[in-house]
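# Working through the structure, step by step
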Amino acid sequence: MAAACLFLCGCVDPPPPPDEPEFTAVVVSGDARLPDWYQVKFVLRYLDGRVYEGECIWPDSYTPVLLQDSARAAERVKPGKTWTTIREIEGAGAGRFTPNGRGVMRHPSGVTESGNWRNGRYMGGL
């Protein structure tokens with residue numbers, strides 16, 4: 001019986017490869033375009049001790065890094081799913097990234113600002 005199962009299983013065509021995720025682009029920073037299934041969460045550690053976690057606008061020079069990463073992720077993400085990458089930026093470089101969208105800023109004093117950000121300004125929570 002097991003031999004029959006092996007024989008029958010061996011004759012079945014393998015399933016087709018999964019469809020590649022669609023590279024549907026959305027504007028996320030300046031002219032940068034990334035697929036809508038590719039999500040980026042930033043962790044920005046500023047020199048003054050603040051830590052921001054969330055969405056932001058990045059400098060144009062960082063766009064090739066994200067485009068390359070999203071291209072590699074396209075080979076691994078399943079259709080209909082999202083891929084989230086976490087990018088940590090520390091020190092002076094963190095100042096080149098601007099909180100924009102949903103996120104949390106933790107200040108060294110213990111104050112936390114959680115909610116919406118627009119061009120680096122806290123707009124309030126929900």
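Residues numbered from 1 in each chain as written. Predicted model: local features only at pLDDT ≥ 70, side-chain atom pairs only at ≥ 80, totals over all residues. Heavy atoms only, no water.

## Observations concerning the nonpolar core
Ranked by internal contacts, the top residues of the largest apolar core, which has 19 residues, are F42, L44, L66 and F97. Every element with two or more residues in this core is listed here: strand 3 (38–45), strand 4 (51–57) and helix 2 (63–74). With four residues, strand 3 is the single largest residue contributor to this core. Beyond its immediate stretch of four places on either side in the chain, F97 contacts F42, L44, Y46, C56, I57, W58, P59, Y62 and I89. (Core = buried A, V, L, I, M, F, W, Y, C linked by side-chain atoms within 4.5 Å. Buried < 20%, exposed > 50% of the residue type's maximum accessible area, 1.4 Å probe, protein only. Helix = DSSP H or I, 4+ residues; strand = E, 2+ residues; numbered from the N terminus. Contact = heavy atoms within 4.5 Å.)

## So, the sheet that holds strand 5 (residues 83–90)
With mixed pairing, six strands are arranged side by side in an open sheet as 5-3-4-6-7-8. Both edges of this open sheet fall to strand 5 and strand 8 (121–124), since each of them pairs with a single strand only. Across the sheet, the mean angle separating the axes of adjacent strands is 30° when strand polarity is ignored. Here strand 7 (residues 112–118) pairs with strand 8 via three bridges, running antiparallel. If you follow N116 over to strand 8, its bridge partner there is G124. Against the sheet, helix 2 contacts strand 3 and strand 5, and its axis sits at roughly 135° relative to strand 3. (Pairing = 2+ DSSP bridges. Axes fitted to C-alpha atoms, helices over the stretch in contact; angles between N-to-C directions.)

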